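Structural overview for review
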Amino acid sequence: MEFSEWYAEVLRDAEVMDVRYPVKGLYVWLPYGFEIRQRVIEKLRKRLRETGHKEVLFPTLIPETQLEKEAEHIAGFEDEVFWVTHGGLKEMDEKLALRPTSETAIYPMFALWIRSHADLPLKVFQIVNTFRYETKHTRPLIRMREITTFKEAHTAHATREEAEEQVREAFEIYSSFFEDLGIPYVASVRPEWDKFPGAEYTVAFDTVMPDGRALQIGTIHMLGQNFSKTFDVTFETEEGDQEYAHMTCYGVSDRVVASVIAIHGDEHGLVLPPDVAPYQVVIVPILKKGMREEILQRAREVKEELSEVARVKLDDRDMSPGRKFHYWELKGVPLRVEIGAREVEEDTAVVFRRDEMERETYSASELPDVVPELLDEMKKNLRERAWERFEKFMHRAESLEEVREFVGDGIVETGWCGSEECGRKLEEEVEGDVLGTPYPEEKGPEFDRCPVCGEPAEHTIRVAKTY
RNA sequence: GGGGCCGUGGGGUAGCCUGGUCUAUCCUUCCGGCUUUGGGGGCCGGAGACCCCGGUUCAAAUCCGGGCGGCCCCA
């Protein structure tokens, strides 16, 4: 089945999102999807807090003059800004933008907050919705006009070195976050022509969707002193001089959830990593005339016991077992415990693993030990499986022909002389996008030549069809 | 940016070309009841739709225009 068709069906049938909201590019989070989202958010929130980031919440609206202060920045976004122009029936004196991103909302406040070197470093984050007037193919969680879960961090530092160090910390935070969710990725320094508007450079994380197209799932921007100069973010040094702060910002969006769904899912539906699954275990009683109460009672006991070690749901709806099996498989619940007459009599339970679609019988008493082990194993298995598939999506190419051959099937690495001209020509020739050069560092010259101009390669460059 | 296709109950559809018994088909879903329960069970009963605005016409799901929404292809 086509990936996009599969994706749409899974979002609907597993009740992640309702796409029927009558505005292009806006969608509704359903309770089940919302819980997954919450758990993903918490994973990142925890990491950010542990590394000294304080959570804040800025307004959604940004005054026009403020948004347009940084010329390069606004040039990168002006085509896609939603404007609020009226208060009731009256046109407003100054238009207000629905934030496409929050730099211009936050940094003027940084300017007020930061007085001296003692106020630095300043590290904040917020989890908010942002708006972009996308003109083409919107897709739930992948390209939306309202990004609902933008987890953005902003930092200010006294020195360039500290800001560089912050970029590395952000890289570590996101790497471990994606690792934790079993999402494979590569990190690349985006080419000059595709960096964040107003940044000195951008590091981006990309994964690959099952259809072979790359998806950007996180970005880190070294802002240098660009924004601090625009918004007058200055501090007094120990020596008593006024200096501009060195800043960074980084963010991940709803696309993380899209990746979890797309990368782990299979032909039966969602396959959720245990950490983010609303239910980790579902108990399906298999009732039999004459033993109904006994079996149900047993199921309740097992639920009690397992609730100590996992999030458990007992499905006692009046439905055939087969139907329930399909229902919970579609929803990606990691483990299913089946309890019927045989299990009651033998004091056992059948445990079904969603990732491998396999059953095994355990004695009832060992369940509380087995379940956490299986959940853990499943988490590892999902990660390994995903990385294996990802490796198959990584290609190496020496010539333009070879790049072209692989470009729809994941990420292609080739040589690059380093010129923008060749980079752009490469994109044109192979009908792909340049993702950039490897980050944190290149392993050395991996390719002899730039396939465009034939000059010696200075870098490894990555190309892919992208979302 | 350019081009094409499409919009009928919650989901998927027939009907549209050739306007009229359309009181709108079938599957699924949902609700109630009985019976079932080891991989999407059966029977009975019930609920639920022509995207919006305008036009043509005696008459519009059907024809025309616009809007909104969705999908696909190319740059």
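Definitions and limits used
- The numbers attached to residues start from 1 for each chain and follow its sequence in the written order.
- As a convention, the first chain written is A and the first ligand written is 1, with the rest following in written order.
- In view of the model being predicted, local features appear only for residues whose pLDDT reaches at least 70, and side-chain atom pairs are presented and counted only at 80 or more, with totals across whole chains, interfaces and linings using the full set of residues.
- With hydrogens and water set aside, each side-chain value is computed from the structure's full complement of heavy atoms.
- Labels follow the DSSP assignment, with helices taken as runs of H or I lasting at least four residues and strands as runs of E lasting at least two, numbered in each case from the N terminus.
- Relative accessibility thresholds used throughout: buried, under 20% of the residue-type maximum; exposed, over 50%; partly exposed, between the two (1.4 Å probe, protein chains only).
- Pairs of N or O atoms are called polar contacts if they sit within 3.5 Å, as long as, within protein, a hydrogen donor faces a hydrogen acceptor (for residues adjacent in sequence, only side-chain-to-side-chain pairs).
- Domain ranges listed in this record stem from an automatic or a database domain assignment.
- The near set for a molecule or strand comprises every residue that places at least one heavy atom within 4 Å of it.
- Aromatic rings from Phe, Tyr and Trp, with only the six-membered ring used for Trp, were paired whenever their centres fell within 6.5 Å, and each pair was classed as stacked if the ring planes differed by under 30 degrees, edge-to-face if by over 60, and tilted otherwise.
- Points on a 1 Å grid, built from protein atoms alone, make a cavity when a 1.4 Å probe fits but cannot get out and make a pocket when they are open with protein on both sides within 12 Å along at least 5 of 7 lines; residues with an atom within 4 Å of a point are the lining residues.
- Grid points are joined across faces, edges and corners, and a volume is the space filled by probe spheres set on the points.
- Residues are sorted three ways: Asp, Glu, Lys and Arg are charged, Ala, Val, Leu, Ile, Met, Phe, Trp, Tyr, Cys and Pro are nonpolar, and all the rest, Gly among them, are polar.

**A short note on the side chain of H157**
- By the secondary structure assignment, H157 is in strand β8 (residues 146-157).
- Looking at H157, the relative accessible area reads 2%, which means it is buried.
- Engagement of the side chain of H157 in a polar contact is seen with the side chain of T155, the distance being 2.7 Å.

**Topic: the domain arrangement of chain A**
- Along its sequence, chain A is organised into domain 1 (3-264), domain 2 (281-374) and domain 3 (394-464).
- Here the C-alpha centre of domain 3 lies 51 Å away from the C-alpha centre of domain 2.

**Some words on the protein's contact with RNA strand B**
- Lining the immediate environment of RNA strand B, one finds 30 residues, of which R20, R292, E329, E343 and R359 sit closest.
- Close to the protein, within 4 Å, the atoms of RNA strand B are drawn from sugar and phosphate at a rate of 50%.
- Taking K136, its side chain carries an N or O atom lying 3.5 Å from a base nitrogen of RNA strand B.
- Between RNA strand B and D318 there is a distance of 2.7 Å, counted from a base oxygen to a side-chain nitrogen or oxygen.
- Only α1 (3-13), α10 (321-330), β17 (335-339), α11 (341-346) and β18 (348-353) provide two or more residues apiece to the surface near RNA strand B.
- The element best represented in the surface near RNA strand B is α10, accounting for six residues.

**Details of the packing of aromatic side chains**
- Summed over the entire model, instances satisfying the criterion amount to 24 aromatic pairs.
- A ring pair is formed by W193 and W416, whose centres lie 6.2 Å apart and whose planes are at 85°; its orientation type is edge-to-face. Highlighted residues: W193 in the loop between β9 (186-189) and β10 (201-208) and W416 in strand β21 (residues 411-416), separated in sequence by 223 residues.
- In this structure W416 comes out as buried when scored by relative accessible area, which is 10%.

**So, the layout of surface pockets**
- If you add up the space inside the second largest pocket, you get close to 280 Å³.
- Lining the second largest pocket are 15 residues, with V186, E413, P438, K443 and R462 positioned closest to its centre.
- Broken down by secondary-structure element, the contributors of at least two residues to the lining of the second largest pocket are β9 and β20 (394-396).
- Among the residues forming the lining of the second largest pocket, the class breakdown is eight nonpolar, no polar and seven charged.
- For the lining of the second largest pocket, the two domains that each supply at least three residues are domain 1 (3-264) and domain 3 (394-464).

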